[in-house]
Amino acid sequence: MSRFRVRGKGRVDAAKPMIFTFDGTPYTALKGDTVASALLAHGVHLMGRSFKYHRPRGAIAAGSEEPNALIGTRRGDGRFEPNTRATVQEVWGGLQTTSQNKFPSLRFDVGAVNDAAYMLFSAGFYYKTFMWPKSFWDRVYEPFIRAAAGLGVAPTEEDPDSYASRYLHCDLLIVGAGPAGIAAALAASATGRSVVLVDENAEIGGTLLSEPDAQIDGTPAWDWLAQSRADLLAAGVKIMPRTTAIGYYHQNMIGMVQKLTDHLTELPADTPRERLWRVRAKQVVLAQGALEKPLVFHGNDRPGVMLAGAAQTYLNRYGVKVGDSPAVVTSHDSAWFAAFDLADAGARVQVIIDTRAQVRADLQEAARARSIPVRLGHTVTATAGRLRVKNLRVNAVSGGHVGAGTWINCDALLMSGGWTPSLHLFSHTKGRLAWDDALTTFLPEHTPEACVIAGAARGLWGVQAALNDGAARAREALDALGATVQAAVYAVAKDRTGTGVSLHELPTDRSASKAKAFVDFQNDVTAKDLRLAVREGMRSIEHVKRYTTNGMATDQGKMSNINGLNIAADALGKPQPQVGLTTFRPPYTPTSFGAFCGYHRGDHFEVLRRTQIDPWAEENGAVFEPVGQWRRARYFPQGNEDMDAAVRRECAATRAGIGMFDASTLGKIEVVGPDAVEFMNRMYTNPWTKLAPGRCRYGLLLGDDGFIRDDGVIGRLDADRFHVTTTTGGAARVMNMMEDYLQTEWPDLEVWLTSTTEQWSTIALNGPNVVKLLAPLVEGVALNEADFPHMSCVECTVAGMPARLFRVSFTGEVGFEINVAAPLGRQLWETLWAAGQPHGITAYGTETMHVLRAEKGYIIVGQDTDGTVTPYDAGMGWAVAKSKPDFVGMRGLARPDLKAANRRHLVGLLTEDHSLLEEGAQIVFDPDQPIPMTMRGHVTSAYATGTTGRPIALGLVEGGHEKLGETVYIPMPDRTIAAKITSSVFFDPDNTRLKI
Amino acid sequence: MTHFSALSLVKNALSGHKNWTEQWPEVEPKAEYDVIIVGAGGHGLGAAHYLAKEHGITNIAVIDKGWLGGGNTGRNTTIIRSNYLYDESARLYDHAVDLWQDLSQDLNYNVMYSNRGVLMLAHNVHDVQSFKRHVHANRLNGVDNRWLTKEECKDYCPPLSISPDARYPVLGGALQKRAGTARHDAVAWGYARSAAARGVDIIQNCAVTAIRRHPDGSVAGVETAKGFIKAKKVAVSAAGHTSVVMQTADVRLPLESYPLQALVSEPVKPVFPCVVMSNAVHAYISQSDKGELVIGSGTDQYTSYSQRGGLPLIEHTVAAICEIFPMFNRMRMLRKWGGIVDVTPDRSAIISKTPVEGLYVNCGWGTGGFKATPGAAHTFAWTIAKNAPHPINAPFTLERFRTGRLIDEAAAAAVAH
Ligand SMILES: Cc1cc2nc3c(=O)[nH]c(=O)nc-3n(C[C@H](O)[C@H](O)[C@H](O)COP(=O)(O)OP(=O)(O)OC[C@H]3O[C@@H](n4cnc5c(N)ncnc54)[C@H](O)[C@@H]3O)c2cc1C
C-alpha cells in the first residue's frame, strides 16, 4: 500500500488497485481515486509549474476549482488533452499523465529563472516595454512571450472519440448534489414531477463525502446518502453524476455536459465520450455549495500548501493523508476539523495557527485532547521549501503589531480563509448580488429566471442548515409548479458548523511590496500586483482583473476572485460592494470542444443535401461541387476529359440535340390563397394580375433597398396558386423573407406559403430535339406553339407520372422543366435517358448550365449581381412593373443614387486577344494610371468553352449600357488585357431557337 | 505621466514598483467642455487623443456609463485587416492599419500589434470568385492581399485540414500578411492614458441619459447620471447603444443591435501562427499571446441588448472550427461572452456630422470595428474639429442611406470580424 494511504478511510476500493503513470513513472491507485489523490497517496505533491514564474506547484484543492495541478492526460493514439485537472480526473488502469509548462523536467525547470526576476514581471509589465526597437516586437519579443505563455500543448491528432447531444425537458432541475441538492430532490420526489439532479462529481454527496461522521436523523451520513440515493432512484428522479451544468441561458435553458468514458479503463463500444444536454427546466434549484478561500501570504503557493477542506476531502473521501506532519493556518473554524481528522488518522499536526485571538473553547479543547499546539492571534509570514513546503514562519500579532517570526517545520500546510458561496450559474442569469456584511460575502438577491438558491450557495454553513434549506427552497420551487409538499426538517448530530473572519491578506512584518503572496495561483498574480494595478489607476475591478489577469486562469477565478476583490477594495479604500465582482462567464468549468460539436463533425458537420438523381450522377462519374448545403453535379467527364473538354462537349450536345440537367435543387415555394396574386404583386417587381393560369413569368425579387436579391420562373397554376422557384442558394432566404413580410407587414392577406423544394424532383430538358423525346411521353397537353407556347405551365403526366410541366429555357434552346414527386425523380430521369438515346441525349452539369446561360446573357444572382445591382443595372428594367402601387424595393429604387447615371451596368466583354478573363478581375478605363487605380467595374462571369467559338465574359461596368463597342482594360499582375464592351447576349439574340 | 520603457520598468522594479503613477486620474465632470465624447471605447478615447494631439483641443470629456474599454473594445477578438472590397473601405481600413503599425510608439503603450497575417479560406466556387475579386481590387488599390492555393494555405497555417473529403473542403485562400491582431485592453488604456496626459477628462460610471439641444436645434450638452454638462460639441461613439443615445437628440439611425459572441480555449503553447477566417463554415480563430485560442463567428439571430447570447450559436461555431481544425476537438472552452454590436444595412460604418448642429456620430461598426479604431478615431477627430469630414471618411455619411450611395461590404461580411 502506498505510504500515505490510510487504511479503512475513504470511499476508494482497496480491492481494485490500478496502475497509471505520471511523467513516465508508474504509480498505483485505487478505484475511486483521482490522479491527485493517488499521487498524494505516494507523497507526490509537485504536480505542475505556474504560468509566468514557473514556480513548482501542487494541488491546492480537491475539486474542479483547482488552479495548479493541471496535467496532460492520454489514452493511446489521438486521445490526449492538455490542462486536465488532476483533482478531477479519475484514475483508470493505464492512464498516462504528464506535467506541463516545464523544461527540461518538472523538478528542474529553466523557466524558473523568471521567478528570480519576478520584480520585473510585475502586473502589466508587457504594456510598458518591448517597444524598442520596433522591429523586435514581431521577431523577438512576441515569439518569446508566446513561447513562455500557454500551459500544456495542444493535441496534434484527430480525435477518435464521438460526442452526443440531447434535449431534456423537466419540471425541476437541481444543480449540485450535496446535502442541499439531495434534500431538494427528496422533497420533490414524491410529487410526481419530473426531477433531475446533477453533480459534476463522480458520485453524489458533495460535502457529505468528506463528512462521514455526521449523523442525519440518527443515521451515519454515508448510510443516509446511500439510502437517499436509492429512494430517489426508486421515485424516478434522474440522477446524473459527472455532469456539469456549464451555463444558464434565457428562459431556464441550462446547458450541461456529461462525461461518459473518461473514467473507464475499457472503452465501451459505441459510447460517446461526452454528451451535451440542452435542458429546459420549469424551475431550477441551484445548490452549488461554497468554495474555500485560500489565505494570502508570502509563500502560500508551495507544493504541500493546500486548502484545509481539500486535505479533509483527501483523507475522508480518498483515504489519503496529505502529510505526516501538517500545520494549519486559518481564520475560520472549519480548518480545525481538518486538523482533528488528520490527527485522528495518525498525522502529527504541528500547529494550528489561527489569526483570531478568540476561538471557540470546544475547538481548543479538542486540539488539546489531541496534543496539537495552538497559536491564536498569529499570522504566517513565509514558507520555505523548493519543491515541497518544509517549514513556515509564524509571528504573533497584537494590536496591529506583528512580532518576531519563528520557524516551524511541517510537510504540509493547510489553510482556510473561510468560504465563498458558489454563484456562477446564478451570475449567468444576470442575477443581482447583495453584499452581506455579517458574512463578508456576496449573496444572491434577485434573478430574472425561475430559479431558487439553496444551501451553502447562499451562505448557510453546516449539513443541517443545508439539508433544511434544500427542502425549504425546493418547496418554493414546487409551489411555483403547483405541487404542495411538507418541508422535511432534518436533525444532524456531529454537524461541524463554524464561523470565521475574512482576512484580505495575512499581516506580515516584512515588505509587502516584495512578498510573493499569491492570489491567482495559476497566473501568478500576487497581492502586490493588485495593489500596483490600483496605484496605476485601475479602479474598476474589471480593470484590475484585466491588468493583472487575476481571475482569468482556467479556474475562472474560483480561487482568486474574492481575495482579489478584497485586496483591490483595500487598496482603493472602498467597501467591496462599491468595487463589485467581475462577471462570471460560462462555461462553469472548461468544456471539451467536442461536446459542443456533438454530432456535427465530419460528414455530419452540416447535412449534405442530395437530390434523388444524385446517385445516378455519381454512378455516371459526375464531378460534384458544393452549392450551399447541396452538392450538385458540375460536369460528367467521359474517358480522360478534363472539365473544359467535358463542358465543351456537353454544351455542343445540348445545342445540337438534347441536354438533360438535374434542376431539383432550385428552391420551390407554393404560394396559395385568395390573395396570392396580391401577395406576388407586392413581393416581386413584376406584374402578376394579368398572368393567366397556365402561364409563367420570370420573377425578380428585390430587397427593400432596391437591389436584386433573387430570381426565378414562377408559374401560375390557378387563379389562387403560384409555383414559385428561387435560386438554389436563396430558397430558405426567400421563404423567410416572404414569411416575414406576410406575418409582420401584411397579416391581412389570406395567403399560405409552403416550402416545396424537397417535394419535387425537377429535370430540365433543353435542345432542338426535346419535343421529339418528350411529346410521346406527355399526356394532357400537346407540345406545340399553339397549345403550349414558351413560358407555359400545366399539370399533366410525363411517362405516366403526375407532373408539373413548365416550358422555360435557361439555355436559349427549346426547354422544359418537368417536376414530379421527389421520389419519382430518378425513375423519370432514367426513362428520359433511355428514351433520349436515339436523339443524342447528354447529361450536363452546373458548369455547362452556367456557360449556356451566359451565352444568352441570363444572370446568376449572387454571381453577376452582388447586392448592389438594380434591375436597371442588370438590363432588366423590363421586369419592373411600371404601374403597380408598391412592391418590395420600390421605394429603395427611387433613391437618387439608384437612378444616377454612370452606375455599373451588366454588359458583355470580349477580349481582343481572345484570352479568357478571370472572374473577379477589375476593370479600368485608363490602363496607364498609377496605383491606386480608379476601378470602373469587374468581371462577373467568364467562360472559355462555349459554343460561340471564343471566350466570353459578363461584367459590371460603369455606364456600360452607353459604352457598347468601347474598349476597357483589365490589369492583371503580369499584363493588361483589353476587352470590348458588347451586348450581354452572345448567342441567338433574336431567340429564334426558342420556337418549336 | 511616467514614460514607459524597459529602463523605467527596471528602475521601478528596484524601488518595489511604488513610484508608478496613475495612467488616468479619476475626475469629476466640469460644468462645460468644448467637446464631450459619449462612450469611452477605443473609438471615443482615440478621438479624444487625436483631438488633443493633432487639433489642439484639450477641453474634452469622454464619458462612459461603465468602465472605460468595457464595451466591445474589451470584448472583441481583435482581428485587424484592411483587405476590404470597396475603395472607400479599403482606404479607411488601410489608414487604420497604417496607424496600427506605430501605435505602440505613438501612445508609449505596447498595444502588441502582431503582424500575424489573416487568411480567409475559400470552400466553394462562389468563395473563390469573391475572394479573387477582393484580391484584384486590393492589388489595384495598393492594399496587401494575395491568393494562396490550398497547399500554400496549409504551409502558412499547419493545423489546417485541407482534406478533400471534408464537408467543405478548402479550395484556397486570400492572405493579407500585414493584417493581424492587437491587445484590445491596451488600446483603450493607451489612448486613455495619452488623452488624460493631454488634459482630457475621462469620466467613468456616468451614463449619458440624453443629449440636450438649444432652441435653435443645435447641441447644448448632455444630461448624465451626474447632472447636466454643457458642451459646444457632442460626439457619440457608443457602439451597440448609439441609436439609443442619438434618439434623445431626435436623430434616428439605421442601426440594429445584435449580440455577438466569442470564446477562448484554455491556454496552450504556440500552435496557431495566424488568423484564419471562413465564411462558408462561419467561424474564425487565432491564438492570443497568452496561448488561448480565440474564436468567434456571426451574430446571434435576434436583435437584443442583453449581453448573454445563446448556446446554439456557440455549438455551431465550435463545430465549424473543429471542422477545419479537427485536432482541436479535445481542447476545452474556457470562457465565452457576448457584446452588443450595431449593424447598418450596408455593413459599413457611419463617421459623420448629423442633422443636429454640433452633434457628431461614429457608429455602425457592427462586428468589425476594432480593426478600424485608430483610423476611425483619427478621422472622427478631424470631423469634430473641422466640422467637416476628412476625405477618408467623407463617403461614410449618414446621408448615404437616404441617397442610396451605399458601401456594401455585406456580401463580403458573412462572418463577423
Ligand atoms: C464578440 C465580439 C468580437 C468582435 N471581434 C472583432 C474583431 O475580431 N475585429 C474587429 O475589428 N472588430 C471586432 N468586433 C467589433 C469591435 O469590437 C467594435 O466594432 C469596436 O470595438 C467598437 O469600438 P467602440 O469604441 O466604438 O465601442 P465600445 O468599445 O463598445 O465603446 C462604446 C462605449 O459606449 C458606452 N456607452 C454606451 N451607452 C452609453 C451612454 N448612454 N452613456 C455613456 N456611455 C455609453 C459603453 O459603455 C462603451 O464603453 C467584435 C465585437 C464583439 C462583440
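Residues numbered from 1 in each chain as written. Chains lettered and ligands numbered in written order. Predicted model: local features only at pLDDT ≥ 70, side-chain atom pairs only at ≥ 80, totals over all residues. Heavy atoms only, no water.

For chain B, an unreviewed UniProt entry supplies the name Sarcosine oxidase subunit beta and the organism Aquimixticola soesokkakensis. UniProt's Sequence similarities (unreviewed entry) comment on chain B is quoted here verbatim: "Belongs to the SoxB family." (UniProt positions renumbered as here; feature names shortened; annotations may be inferred.)

Under an unreviewed UniProt entry, the name given to chain A is Aminomethyltransferase, and the source organism is Aquimixticola soesokkakensis. Regarding chain A, the UniProt comment filed under Sequence similarities (unreviewed entry) reads as follows: "Belongs to the GcvT family."

*Asks:* Would you mind going over the overall build of chain A with me for this structure?
*Replies:* Tallying secondary structure elements over chain A gives 25 helices and 52 strands in all. Taking the principal axes of the C-alpha coordinates as reference, chain A spans close to 115 × 70 × 55 Å. Every one of the 996 residues in chain A was classed for burial, and the buried ones make up 63%. A sequence separation of at least 24 residues applies to 67% of the contacts in chain A between residues at least 6 apart. Summed over all atoms, the accessible surface of chain A reaches about 35900 Å², with 52% contributed by carbon and sulfur. Of note, chain A has its 103 positive side-chain charges centred 6 Å away from the centre of its 108 negative side-chain charges. (Helix = DSSP H or I, 4+ residues; strand = E, 2+ residues; numbered from the N terminus. Buried < 20%, exposed > 50% of the residue type's maximum accessible area, 1.4 Å probe, protein only. Contact = heavy atoms within 4.5 Å. Areas by Shrake-Rupley, 256 points an atom, 1.4 Å probe, with all protein chains shown as cover. Lys, Arg positive; Asp, Glu negative; His and termini not counted. Charge placed at Lys NZ, Arg CZ, Asp CG, Glu CD.)

*Asks:* Would you mind going over the confidence of the model for chain B with me for this structure?
*Replies:* Detailed reading of predicted coordinates is not advised where the pLDDT is low. Residue and element names in this part refer to chain B. A residue-level look at chain B finds 98% of positions with pLDDT of 70 or above and a mean pLDDT of 95. Counting contacts from residues 412-417, a segment whose pLDDT is below 50, to residues more than four positions away or on other chains yields 26 contacts. Reported confidence for the predicted complex is 0.96 by ipTM and 0.96 by pTM. (pLDDT = per-residue confidence, 0-100.)

*Asks:* Is there a simple way to think about the site of the ligand in this case?
*Replies:* Residue and element names in this part refer to chain B. Of all residues adjacent to the ligand, which total 37 residues, the nearest are Asp64, Asn72, Thr73, Thr77 and Lys371. The side chain of aspartate 64 places a nitrogen or oxygen atom 2.5 Å from an oxygen atom of the ligand. Here the ligand loses 96% of its free accessible area of 1000 Å² to cover by the protein chains. Of all elements in the fold, only α2 (42-55), β12 (256-265) and β16 (332-343) reach the threshold of two or more residues within the shell around the ligand. Sorting elements by how many residues they give to the shell around the ligand places β12 first, with 3 residues. Summarising the domain contributions, the shell around the ligand has at least three residues from each of domain 1 (29-82 + 84-109 + 183-254 + 346-403) and domain 2 (118-180 + 257-343). (Near = heavy atom within 4 Å. Polar contact = N/O pair within 3.5 Å; in protein donor to acceptor, adjacent residues only side chain to side chain. Domains from an automatic or database assignment.)

*Asks:* Teacher, can you tell me more about the interface of chain B and chain A here?
*Replies:* Accessible area lost during the coming together of the parts is what is often quoted as the interface size. Across the boundary between the two partners, chain B contributes 107 residues, which contact 122 residues of chain A. Interface of chain B and chain A: buried area, both sides summed, is about 10000 Å²; carbon and sulfur atoms make up 56% of it. Aspartate 897 of chain A serves as the salt-bridge partner of arginine 405 of chain B, at 3.3 Å between the closest nitrogen and oxygen. Remark: the boundary between chain B and chain A carries 67 residue pairs in polar contact (both at pLDDT 80 or more). Ranked by the residues each element gives to the side of chain B that touches chain A, the list is headed by helix α5 (residues 125-141) of chain B, at 10 residues. Pairing geometry for strand β32 (residues 591-592) of chain A and β16 of chain B, over 2 bridges, is antiparallel. Residue pairing for β16 of chain B: threonine 591 of chain A is matched across the bridge by methionine 333 of chain B. (Buried area = accessible area lost by both parts, 1.4 Å probe. Salt bridge = Lys/Arg side-chain N within 4 Å of Asp/Glu carboxyl O. Pairing = 2+ DSSP bridges.)

*Asks:* Sorry, what's going on with helix α13 (residues 541-548) of chain A here?
*Replies:* Quick reminder: α-helices carry 3.6 residues per turn. Residues three or four places apart thus point the same way. In terms of burial, α13 of chain A is a largely internal element, 8 of the 8 residues being buried. Of all the residues in α13 of chain A, the buried ones are Ile541, Glu542, His543, Val544, Lys545, Arg546, Tyr547 and Thr548 of chain A. In this structure, the buried residues of α13 of chain A make contact with α3 (125-128), β31 (525-526), α12 (527-535), α14 (561-572) and α15 (576-579) of chain A together with α7 (184-197) of chain B. Of the residues flanking the start of α13 of chain A, the one acting as N-cap is serine 540 of chain A, its side-chain oxygen 3.0 Å from the backbone nitrogen of glutamate 542 of chain A. Just beyond α13 of chain A, the residue with positive phi is threonine 549 of chain A, at close to 70 degrees.

*Asks:* Even after reading the chapter, I still don't get the UniProt feature "domain: SoxA A3" (unreviewed entry) in chain A, so can you show me in this structure?
*Replies:* UniProt marks residues 515-596 of chain A with the feature "domain: SoxA A3" (unreviewed entry), using the numbering shown here. The distance from the first to the last C-alpha atom of residues 515-596 of chain A is 42 Å, and the span holds 45% helix and 9% strand.

*Asks:* I would appreciate a short explanation of the domain arrangement of chain A in the present structure.
*Replies:* With domains assigned, chain A is organised as domain 1 (163-290 + 421-493) and domain 2 (887-994). One C-alpha centre belongs to domain 1 of chain A, the other to domain 2 of chain A, and the line joining them spans 67 Å.

*Asks:* Whenever I open this one, the nonpolar core confuses me. Can you help?
*Replies:* Among the nonpolar cores identified, the biggest contains 178 residues, and Phe20, Tyr314 and Phe340 of chain A together with Trp100 of chain B are the most heavily contacted of them. Not counting the four nearest positions on each side in its chain, phenylalanine 20 of chain A is found in contact with Thr25, Pro26, Tyr27, Thr28, Ala29, Val35, Ala38, Leu39, Val91, Trp92, Leu95 and Thr97 of chain A. The next biggest cluster of nonpolar side chains, apart from the first, holds 59 residues, and it includes Tyr635, Leu910 and Leu954 of chain A together with Leu398 of chain B. (Core = buried A, V, L, I, M, F, W, Y, C linked by side-chain atoms within 4.5 Å.)

*Asks:* Help me understand the sheet that holds strand β1 (residues 13-22) of chain A, please; the structure alone is not making it clear to me.
*Replies:* Sheets are built from strands paired through backbone hydrogen bonds, the pairs being either parallel or antiparallel. All names here are of chain A. Across the sheet, which stays open at both edges, the 5 strands sit in the order β2-β1-β7-β5-β6 with mixed pairing between neighbours. The outermost strands of the open sheet, each flanked by one partner alone, are β2 (25-31) and β6 (80-85). For this sheet, the mean inter-axis angle between neighbouring strands, taken without regard to orientation, is 35 degrees. (Axes fitted to C-alpha atoms, helices over the stretch in contact; angles between N-to-C directions.)

*Asks:* Before we go on, may I ask you to explain a nonpolar patch on the surface in this structure?
*Replies:* Residues Phe103, Phe108 and Val110 of chain A make up a contiguous nonpolar surface patch of about 330 Å² in total accessible area. Relative to the helices and strands, valine 110 of chain A resides in the loop between β7 (96-98) and α2 (113-116). (Patch = residues over 30% accessible without salt bridge, like charges linked within 9 Å, V, L, I, M, F, W, Y side chains within 5 Å.)

*Asks:* Would you take a moment to explain the packing of aromatic side chains for this structure?
*Replies:* One pair of aromatic rings is described through two measures. These are the centre distance and the angle between the planes. All names here are of chain A. Counting across every chain of the model gives 40 aromatic pairs over all chains. Arranged with centres 5.8 Å apart and planes meeting at 55 degrees, the rings of phenylalanine 136 and tyrosine 141 form a pair that is tilted. According to the relative accessible area criterion, phenylalanine 136 is partly exposed, its value standing at 32%. Taking 6.4 Å as the distance between ring centres and 70 degrees as the angle between the ring planes, the aromatic pair formed by tryptophan 336 and phenylalanine 340 counts as edge-to-face. Here phenylalanine 340 and tryptophan 336 lie together in helix α8 (residues 334-344), a separation of 4 residues that amounts to about one turn. Looking at tryptophan 336, the relative accessible area reads 0%, which means it is buried. The ring of tyrosine 588 is capped by lysine 558, whose NZ or CZ atom sits 4.3 Å from the centre of that ring. (Phe/Tyr/Trp six-rings, centres within 6.5 Å; stacked < 30°, edge-to-face > 60°. Lys NZ or Arg CZ within 6 Å of the ring centre and 35° of its normal.)

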